[in-house]
Amino acid sequence: MNQDTIQGHWKQLSGQIKQHWGKLTDDDLKVAEGNAEYLSGKLQERYGIARDEAMKQVKAFEKEIKHH
């Protein structure tokens, strides 16, 4: 993820992230603060998915938000 862009818009994006991945908590998002590695780790933990799949989902989300 583009850290500057993500961190600069984190408050707005956190709502979209929660809609996308409902199992993530407010605390998860607060700690993540735009960190793609942390976010993918939480996806692995909350959804029981592999690391590669979690990163794939984070990258797909990033592409999705860039096009809106």
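Relevant structure appears above.
Note that the structure is predicted; figures quoted are calculated from it, not measured.

*Asks:* Hey, could you run me through the environment of Tyr38 in this one?
*Replies:* Positionally, Tyr38 belongs in helix H4 (residues 36–47). Using a relative accessible area of 28% as the deciding quantity, one classes Tyr38 as partly exposed. It is 8.7 Å that separates the C-alpha atoms of Tyr38 and Asp28, two residues lying 10 residues apart in sequence. Apart from residues no more than four positions distant in its own chain, Tyr38 is found in contact with Asp28, Val31 and Ala32.

*Asks:* Help me understand the packing of aromatic side chains, please; the structure alone is not making it clear to me.
*Replies:* We describe a pair of aromatic rings using the distance from one ring centre to the other and the angle between the two ring planes. Under the counting rule described, the total for this entry stands at 1 aromatic pair. Aromatic side chains Trp21 and Phe61 sit 5.3 Å apart centroid to centroid with 50° between the ring planes, which places their arrangement in the tilted category. Of the two residues, Trp21 is situated in the loop between helix H2 (10–20) and helix H3 (26–32) and Phe61 in helix H5 (residues 51–66); the sequence distance between them amounts to 40 residues. In terms of burial, Trp21 and Phe61 fall into one category: buried.

*Asks:* Please explain the pattern of salt bridges as it appears in this structure.
*Replies:* Two side chains that carry opposite charge are able to pair once their charged atoms sit near each other. Throughout the structure, instances matching the rule amount to 6 salt bridges. Residue Lys42 is joined to Asp28 by a salt bridge in which the shortest nitrogen-to-oxygen separation is 3.9 Å. Of this pair, Lys42 sits in helix H4 while Asp28 sits in helix H3, and the two are 14 residues apart along the sequence. Residue Lys42 shares its accessibility class with Asp28, and that shared class is buried. With a closest N to O distance of 3.2 Å, Lys42 and Glu45 form a salt bridge. Taken together, the positions of Lys42 and Glu45, both in helix H4 and 3 residues apart, correspond to about one turn of that helix.

*Asks:* I keep staring at the side chain of Ser40 and nothing clicks. Help me out?
*Replies:* With respect to the element layout, Ser40 can be found in helix H4. Of note is the side chain of Ser40, whose polar atom sits 2.9 Å from the backbone oxygen of Glu37. When neighbours within four sequence positions are excluded, Ser40 is seen to be in contact with Ala54, Met55 and Val58.

*Asks:* For this particular structure, what's the right way to read H4?
*Replies:* Structural remark: α-helix, 3.6 residues per turn; residues separated by three or four positions point the same way. If you check H4, its first and last C-alpha atoms are 16 Å apart, about what 12 residues at 1.5 Å a residue would give, namely 16 Å. The set of residues buried in H4 consists of Ala36, Leu39, Ser40, Lys42 and Leu43. The buried residues of H4 occupy an angular sector of 160° when projected down its axis, which confines them to one face. At the N-terminal boundary of H4, the capping side chain belongs to Asn35, with an oxygen 2.9 Å from the backbone nitrogen of Glu37.

Cut-offs and rules
Residues numbered from 1 in each chain as written. Predicted model: local features only at pLDDT ≥ 70, side-chain atom pairs only at ≥ 80, totals over all residues. Heavy atoms only, no water. Helix = DSSP H or I, 4+ residues; strand = E, 2+ residues; numbered from the N terminus. Buried < 20%, exposed > 50% of the residue type's maximum accessible area, 1.4 Å probe, protein only. Contact = heavy atoms within 4.5 Å. Phe/Tyr/Trp six-rings, centres within 6.5 Å; stacked < 30°, edge-to-face > 60°. Salt bridge = Lys/Arg side-chain N within 4 Å of Asp/Glu carboxyl O. Polar contact = N/O pair within 3.5 Å; in protein donor to acceptor, adjacent residues only side chain to side chain. Expected span 1.5 Å × (residues − 1). Arc of directions from axis to C-beta.

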